[in-house]
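# Overview (structure and organization)
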Amino acid sequence: MQNMATSNADASTSADSGGGGGSSGFCAHNPMPHVLSEGENAAPLEVIGATSTATDKLVIIMVGLPATGKTHIAKRICRYLTFFHDIPSQIFNVGDYRRELCGSQQPASFYDHSNAEALAQRNMACNAALTDMIEYIKQDGVRMAVYDATNSTRERRRHLIKTLNDAGVGAKKIFVESMCDDEALLEQNIKTVKLSTPDYKGVDPKEALKDFHERRNEYMKVYEALEDEDGSYLKILNCRKFVVHNVRGHLPLKVVHFIMNLHTLPRTFYLTRHGQSEYNLLGKIGGDSGLSKAGLEYAHRLAKFAAEEIAQCTVKDPETGEESQEARPCRLWTSTLRRTKETAQFIEHDEFEHTFDNGEKLSWVQFRPMARRNLDELFAGSCDGMTYKEIEREFPDEFKRRQADKLAYRYPRGESYMDVILRLEPLAKEMERTREPILIVCHQGILRVLYAYFMGLSRQEAPYVKVPLNHIIELSPHAYGCHEMRYCLLTGEEMNDGQDEPPSII
């Protein structure tokens, strides 16, 4: 005991003698160090799947008539859990199985429940999807599966639960029912989503619309809404009213909360980096510098684009058919750093009255600036304000580690892309919830992650997305993907954006 006390005292003396600078040369005796599986200096993140049991798995069974947004909801859930929580998630869409087994273009009579032959074919597609889902969900590790179909009758839903239980699937199971009695919203869903599916490829729009309504009526004849006896469920009415029954557990409640932030209305995001900064000219990363002359020019052009292209929308008079432009409410988000605020400084903030889709009439301040910390650039820590050549010279080992694993690598006393993904999760959820167009002015590292999330890219691909200066990326998410358009606002001489990174080793 005496020797141990002496040893500890010596260690304490050695550690204190550094005068707080941390460079005394003291080295702890640590024969069994904590080694990060992601690599030295990487971000240690808890991955829920590493310690999962069967009850950590989740099966979501969609319920609802056609064109109520079921597939959109299913896809957004899977995307959110896969990208932000690294939970394997997969959709088993019965419509896809039906198209593969029976052909894509079937008449409305095919969905008549009194049509025994057609009903047998549809049940075959349902069971094929169910069999594949059972095989998927029984694999090791936490995972989520979504069974995407109308599941219109109570008998059908009982069959699904019984089949899952008989197969030994110990996962939690919840129903998610999407209902829509808003005729305008229903028509919008049909025209923007359903008529673009393979079922109506090459079909005259008027004929397709007529056939789809007939198909939907066949489902309405037998439809039975969820009741408490069905088990755990979430009911959604017009993406505004939510009823939750007997849902428990961390993952199910996380999913429920996420769904309550979703809607099926069209929405658009405009993503842009700040204008060229003084540090961009010097090739430095990070920092909090202001804009260069070219950066200020881009700020002026961005303000013009915002006023003419984002803040205005085309409306058609229902009686005359004449089109006109009118103001629409828009949001503006920036980071808290100087270069993004200066880029947004010339955007006008008009005030006008607007009636929202929930009936509220409010005074709206157009592009009211909102500076958000979670939009700040990835923090380079000890390398902040350095060029890549300086990093390679001063921190050669760190430079190589970043080259080898750009996603998990964390700058000394700084951040990694994995850290950025975690801090952007609540912001992505708010983007899912927001119904107005959002103009986001921030940084390449941040936009890479947001772009990857909405465009369906993996985490591993995110750090390599190219987001050039002087461009606006317009993203319009929809049920089957995300539409992208790009606008270049400032052309001419080639500018150094300070992000010309050396090629990765991998």
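Being a predicted model, the structure only gives us computed values, none of them experimental. Note that residues are indexed from 1 along each chain, following the sequence as it is written. Local features in this predicted model are restricted to residues whose pLDDT is 70 or higher, and side-chain atom pairs enter the listing and the counts only when it is 80 or higher, whereas totals over whole chains, interfaces and linings include all residues. With hydrogens and water excluded, all non-hydrogen atoms of the structure serve as input to the side-chain values.

What the chain contains, in helices and strands, is 15 helices and 16 strands. Here the term buried applies to any residue with accessible area under 20% of the maximum for its type, exposed to any over 50%, and partly exposed to those in between, with areas from a 1.4 Å probe on protein chains only. Within the chain, the fraction of its 506 residues that count as buried is 48%. Accessible surface is estimated by sampling points in the Shrake-Rupley manner with a 1.4 Å probe; for residues, cover comes only from the protein chains shown. Accessible surface computed for the chain: about 25,100 Å², of which carbon and sulfur atoms make up 50%. Numbering of helices and strands runs from the N terminus, with a helix taken as a DSSP run of H or I at least four residues long and a strand as a DSSP run of E at least two residues long.

Turning our eyes to something else, we now look at helix α2 (residues 70–85). When the terminal C-alpha atoms of α2 are compared, their 22 Å separation across 16 residues agrees well with the 22 Å that a helix rising 1.5 Å per residue should span. Where burial is concerned, most of α2 is hidden: 14 out of the 16 residues are buried. Of the residues trailing α2, Asp-86 is marked for its positive phi of about 55°. Multiplying 1.5 Å by the residue count of a helix minus one yields the expected span of that helix.

A pair of strands is considered paired only if DSSP assigns at least 2 bridges between the two. The strand order β13-β10-β14-β7-β15-β16 describes an open sheet built from 6 strands, whose pairing is mixed. Single-partner strands in this sheet number two, and they are β13 (369–371) and β16 (481–488). Averaged over neighbouring strand pairs, the angle between their axes works out to 20° when direction is ignored. Axis lines are fitted through C-alpha atoms, for helices just across the contact stretch, and the angle between N-to-C directions can take any value from 0 to 180 degrees.

This next bit is on the environment of Leu-469. Considering the arrangement of structural elements, one finds Leu-469 in the loop between α15 (444–455) and β15 (471–478). A relative accessible area of 8% means that Leu-469 is categorised as buried. For Leu-469 and Arg-273, which are 196 residues apart along the polypeptide, the C-alpha to C-alpha distance reads 6.0 Å.

Bringing the packing of α2 against helix α8 (residues 250–259) into the picture now. Between α2 and α8, the least distance of the axes is 10 Å, while the angle of their chain directions is 120°. One way to sum up the angle between α2 and α8 is to call them oblique. Pair α2 / α8 crosses with right-handed handedness. Taken together, the residues of α8 that come into contact with α2 (itself represented by Ile-73, Arg-76, Ile-77, Tyr-80, Leu-81 and His-85) are Leu-251, Lys-254, Val-255, Phe-258 and Ile-259. Throughout this description, any angle smaller than 35 degrees is read as roughly parallel, any larger than 145 degrees as roughly antiparallel, any in the 65 to 115 degree range as roughly perpendicular, and the remainder as oblique. A clockwise turn of the near helix away from the far one marks a right-handed crossing, whereas an anticlockwise turn of less than a right angle marks a left-handed crossing. It only takes one pair of heavy atoms within 4.5 Å for two residues to be counted as in contact.

Let us look at the pairing of strand β6 (residues 241–245). Bridge count between strand β5 (residues 233–237) and β6: 5 bridges; the pairing is antiparallel. Considered in β6, the bridge of Leu-234 is made with Val-244.

Working definition: the covalent bond between the sulfur atoms of two cysteines is a disulfide. Cysteine sulfur atoms that pair up within 2.5 Å are treated as a disulfide. On inspection of all chains with the given rule, the structure shows 0 disulfides. Here Cys-126 stays unpaired: no disulfide links it, and the sulfur of Cys-102, its closest cysteine neighbor, is 9.8 Å away. A relative accessible area of 13% means that Cys-126 is categorised as buried. Of the cysteine sulfurs around Cys-180, a residue in no disulfide, the closest is that of Cys-239, at 7.7 Å.

Here helix α4 (residues 116–137) is 22 residues long and its end C-alpha atoms lie 31 Å apart, about the 32 Å a rise of 1.5 Å per residue gives. Of all the positions in α4, only Ala-118, Arg-122, Ala-125, Cys-126, Ala-129, Leu-130, Met-133, Ile-134, Tyr-136 and Ile-137 are classed as buried. Residues of α4 that are buried make contact with β1 (58–63), β2 (89–93), α3 (94–102), β3 (144–148), α5 (154–166) and α7 (205–220).

Turning to its location among the elements, His-443 is positioned in the loop between β14 (438–442) and α15. Under the relative-accessibility criterion, His-443 is labelled buried at 0%. Only 2.9 Å separates the side chain of His-443 from the side chain of Ser-335, close enough to count as a polar contact. A distance of 3.5 Å separates polar atoms of two side chains, one belonging to His-443 and the other to Arg-339. Pairs of N or O atoms are called polar contacts if they sit within 3.5 Å, as long as, within protein, a hydrogen donor faces a hydrogen acceptor (for residues adjacent in sequence, only side-chain-to-side-chain pairs).

We define a salt bridge as a side-chain nitrogen of Lys or Arg found within 4 Å of a carboxyl oxygen belonging to Asp or Glu. Under the criterion given, the structure shown has 29 salt bridges. One salt bridge in this structure joins Arg-154 and Glu-227, with 3.5 Å as the shortest N-O distance. Taken together, the residues Arg-154 in helix α5 and Glu-227 in the loop between α7 and β5 connect sequence positions 73 residues apart. With a relative accessible area of 14%, Arg-154 lands in the buried category.

Looking at any residue, its pLDDT shows the predictor's confidence there, from 0 to 100. When pLDDT is averaged along the chain, the result is 87, and 87% of the positions lie at 70 or above. Confidence drops under a pLDDT of 50 for residues 1–24, and excluding neighbours within four residues, the segment shows 6 contacts in the predicted structure.

Let us now look at the packing of α3 against α4. Running from N to C, α3 and α4 cross one another at 125°; their axes reach a closest spacing of 8 Å. In terms of their interaxial angle, α3 and α4 are classed as oblique. In the packing of α3 onto α4, the handedness of the crossing is right-handed. Contacts from Val-94, Tyr-97, Arg-98, Leu-101 and Cys-102 of α3 reach α4 at Gln-121, Met-124, Ala-125, Cys-126, Ala-128, Ala-129 and Asp-132.

With respect to the helices and strands, the residue Tyr-451 is situated in helix α15. Taking the C-alpha atoms as reference points, Tyr-451 and Val-465, separated by 14 residues in sequence, lie 8.1 Å from one another. Apart from residues lying up to four places away in sequence, Tyr-451 is in contact with Leu-457, Val-465, Ile-473, Leu-475, Glu-484 and Arg-486. A polar contact of 2.7 Å, which involves the side chain of Tyr-451, links it to the side chain of Glu-484.

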